[in-house]
Amino acid sequence: MAHTLIIFGASGDLTSRKLIPALYLLHQKQRLPPQTRVLGVARTRFDDAAWRNELAATTQRYVGQTFEPAAWQAFAPMLFYQPGDVSRLEDYASVAARLEAIEAGSPATRLYYLATAPELYATAILHLGQSGLADESRGIRRVVIEKPFGRDLASARELNQIVHRVFAEHQVFRIDHYLGKETVQNLLVLRFANAIFEPLWNRRYIDHVQITVAEEVDVGRRGAYYEQAGVLRDMFQNHLLQLLMITAMEAPPRYTADFVRDEKVKVLRAVRPLSPDDVVRDTVRGQYEGYRAAEGVAPDSQTATFAAVKLQIENWRWQGVPFYLRSGKAMSCRTSQIVIQFRQPPVMMFSEGRRSHHDPNRLVIQIQPAEGIQLHLQTKVPDAGMTLRTTDLDFRFAREYAGTMPDAYQRLLLDALLGDASLFARSDEVEWAWSLIDPIQTTWDTTGQPPLELYPPGQWGPQASDDWMHAQGRQWFDVCPVLH
Ligand SMILES: NC(=O)c1ccc[n+]([C@@H]2O[C@H](COP(=O)([O-])OP(=O)(O)OC[C@H]3O[C@@H](n4cnc5c(N)ncnc54)[C@H](OP(=O)(O)O)[C@@H]3O)[C@@H](O)[C@H]2O)c1
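Just so we're clear, the structure is a prediction, and the values are computed from it rather than from any experiment. (Residues numbered from 1 in each chain as written. Predicted model: local features only at pLDDT ≥ 70, side-chain atom pairs only at ≥ 80, totals over all residues. Heavy atoms only, no water.)

Asks: Quick rundown of the overall build of the protein? Include the residues and the values.
Replies: Scanning the protein from terminus to terminus reveals 14 helices and 15 strands. Taking 23 Å as the expected radius of gyration for a compact globule of 484 residues, we find that the protein reaches 24 Å, a close match to that expectation. Expressed as lengths along the three principal axes of its C-alpha atoms, the size of the protein is roughly 80 × 50 × 45 Å. The buried share of the protein, reckoned over its 484 residues, is 55%. Relative to all contacts within the protein whose residues are 6 or more apart in sequence, the contacts with residues 24 or more apart total 76%. For the protein, the exposed area adds up to about 21,300 Å²; of that, 53% sits on carbon and sulfur atoms. (Helix = DSSP H or I, 4+ residues; strand = E, 2+ residues; numbered from the N terminus. Rg over C-alpha atoms; globule rule 2.2 N^0.38 Å. Buried < 20%, exposed > 50% of the residue type's maximum accessible area, 1.4 Å probe, protein only. Contact = heavy atoms within 4.5 Å. Areas by Shrake-Rupley, 256 points an atom, 1.4 Å probe, with all protein chains shown as cover.)

Asks: Which residues make up the sheet that holds strand β5 (residues 141-145), and what values go with them?
Replies: In a beta sheet, neighbouring strands are held together by backbone hydrogen bonds and run either parallel or antiparallel to one another. In space, the six strands of this open sheet follow the order β3-β2-β1-β4-β5-β6, with parallel pairing throughout. Where the open sheet ends on each side, the last strands, each with one partner, are β3 (79-83) and β6 (172-174). Averaged over all neighbouring strand pairs, the angle between strand axes comes to 20°, with direction disregarded. As defined by bridge partners, strand β4 (residues 108-114) adjoins β5 across five bridges and the pair is classed as parallel. Looking across to β5, one finds that R110 is bridged to R141. Across the sheet, helix α2 (residues 48-63) lies against β2 (36-42) and β3, angled at about 120° from β3, the strand it touches most. This element, helix α4 (residues 89-103), spans β1 (2-8), β2, β3 and β4 of the sheet and lies at about 160° to β2. (Pairing = 2+ DSSP bridges. Axes fitted to C-alpha atoms, helices over the stretch in contact; angles between N-to-C directions.)

Asks: Break down the packing of helix α1 (residues 13-28) against helix α12 (residues 408-418) for me, citing the residues and quoting the values.
Replies: Remark: α1 packs on α12, axes separated minimally by 9 Å, with the N-to-C direction vectors making an angle of 70°. With respect to each other, α1 and α12 are oriented roughly perpendicular. Between α1 and α12, the residues in contact are L14, K18, L19, A22, L23, L25 and L26 and Y409, Q410, L413 and L414, respectively. Broken down by class, the residue content of the contact of α1 with α12 amounts to nine nonpolar, one polar and one charged. (Parallel < 35°, antiparallel > 145°, perpendicular 65-115°, else oblique. Nonpolar A, V, L, I, M, F, W, Y, C, P; charged D, E, K, R; others polar.)

Asks: Now, about the site of the ligand: what can you tell me, with residues and values included?
Replies: For the ligand, the set of nearby residues contains 22 residues, the closest of which are D13, L14, R17, T44 and Y121. In this structure, an oxygen atom belonging to the ligand sits 2.4 Å away from a side-chain N or O atom of T44. Within the contact set of the ligand, an oxygen atom lies 2.9 Å away from a backbone nitrogen or oxygen of K147. Broken down by element, the shell around the ligand gets its largest block of residues, three residues, from α1. Tallied by class, the residues present in the shell around the ligand amount to ten nonpolar, six polar and six charged. (Near = heavy atom within 4 Å. Polar contact = N/O pair within 3.5 Å; in protein donor to acceptor, adjacent residues only side chain to side chain.)

Asks: Before we move on, could you go through the pattern of salt bridges and cite the residues and values that matter?
Replies: Inspection of the entire model under this criterion finds 28 salt bridges. A salt bridge links R138 to E100; the nearest nitrogen and oxygen atoms lie 3.2 Å apart. Here R138 is found in the loop between α5 (121-130) and β5, whereas its partner E100 is found in helix α4, with 38 residues between them in sequence. E100 gets classed as partly exposed once you look at its relative accessible area, which sits at 32%. The shortest N-O distance in the salt bridge between R426 and D262 comes to 2.9 Å. With R426 in the loop between α12 and α13 (427-447) and D262 in helix α9 (residues 257-270), this residue pair connects regions lying 164 residues apart in the sequence. (Salt bridge = Lys/Arg side-chain N within 4 Å of Asp/Glu carboxyl O.)

Asks: Describe the state of the cysteines, listing the residues and the values that go with them.
Replies: A covalent bond between the sulfur atoms of two cysteines is what we call a disulfide. Scanning the model with the defined rule gives one disulfide in all. Here C333 is linked by a disulfide to C480, with a sulfur-sulfur distance of 2.1 Å. Taking the sign of the S-S torsion, about -100° here, the bridge from C333 to C480 comes out left-handed. On the criterion of sequence distance, the pair formed by C333 in the loop between β10 (322-328) and β11 (335-342) and C480 in the segment after α14 (463-471) is long-range, its members being 147 residues apart. On the basis of relative accessibility, which here comes to 8%, the residue C333 falls in the buried class. (Disulfide = S-S within 2.5 Å.)

Shown next, in the form of structure tokens:
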């Protein structure tokens, strides 16, 4: 069966920076299903040749040295362009006619990719339905919806209802590109293809878990967008909660989309929702100095660019084990990492002398950059009595694998084309995630508590975040990944 990918928003940044480079590399690796074509749709009046020319330049820029002119020449004839406005129902007739022409009368699986501004998702979906383009009588129809999916629980529910008027849930692929990352999938493999971690992966042996997604960059020119979003909507509702689910979930009976997602949703259902008092006690919010001077940002903005949140998962595995989630902009370095911190040994028999305690065992899962896993252990310093030091068993993808790590979009586009939804968010998952984030955002917005702490760019967030951890007898693992 042939496949057609229809990208709405084909003249935009996501298309040129992520989607087309991913498709080009998949084509180069001969991974795309046979007879795959791409139809780009946006208001800009390109024709096929102009769009291909434009994408040749941008793809070369984004894939770098792996760009080969001959491979591009083989790929470019798969690309077609149809000018169209997603808010005009009549333009879908031109899209439909163009699809018929491209597919030359033989049925194809169609994947509609919504890469426009989120305000247009609902209109595009309803128009796909009204114009008959979602009708499956002549082939499979799927839709990919980019993030953000809603801006709170109410809007996500409303969007889900609109989506379900036109598409059944199994046709819907909601993107969280973190799930396309090799290291996130590797966490599933680490947990469920190795027997040695399972006995330790619970409240008896784990003291707490830290999940950090730190960005070194500030908001740059995206101030107007960020003002409306803030760190909770931008990072927590999606990426951080995805990492939490994969870290905490039970083993699914089989690796199928619904079994995996059932287990993930169970984690969110077990998270204790935060009351307003909990929010004041269990969250820290910050804003980097200089944010208010960014383009599109209010001079008295209260938008958080940093947050730390403590969540409790109330089930037999995790009762009493705090999960600390934090994310921010203008931080010390770019890193996404999960730290599993184990309990101390019950008796510290080597504690005499200068050091009264040792660093605990930690499993550090580096999502990006420096993708890999380190297990921190205590070892003896040779020829120094019983002095101990922390060393680590260090696995790096870069050392074990000669190729470059594929961008998440390669995996996600291929899975969506082939109909595997394991790495996409289901409607209930998205709604549960919002139901955990909404009370935090609402308490912040309505009470102004906890106070918005300013922090200088280039730090691990505000001092209040470190103090908050110390008050709980814990410490953030503030180590930038070593890139070599
Ligand atoms: N860029 C990223 O890295 C990234 C990452 C994650 C998620 N996303 C999400 O992906 C989506 C697209 O982001 P982007 O950065 O690519 O935005 P963008 O650069 O502003 O592109 C928006 C695209 O939508 C098209 N468009 C706007 N109004 C339209 C209409 N009425 N009918 C048809 N096309 C219309 C624009 O083209 P015309 O003006 O030619 O119509 C353009 O092609 C957003 O929802 C964003 O949240 C982006």
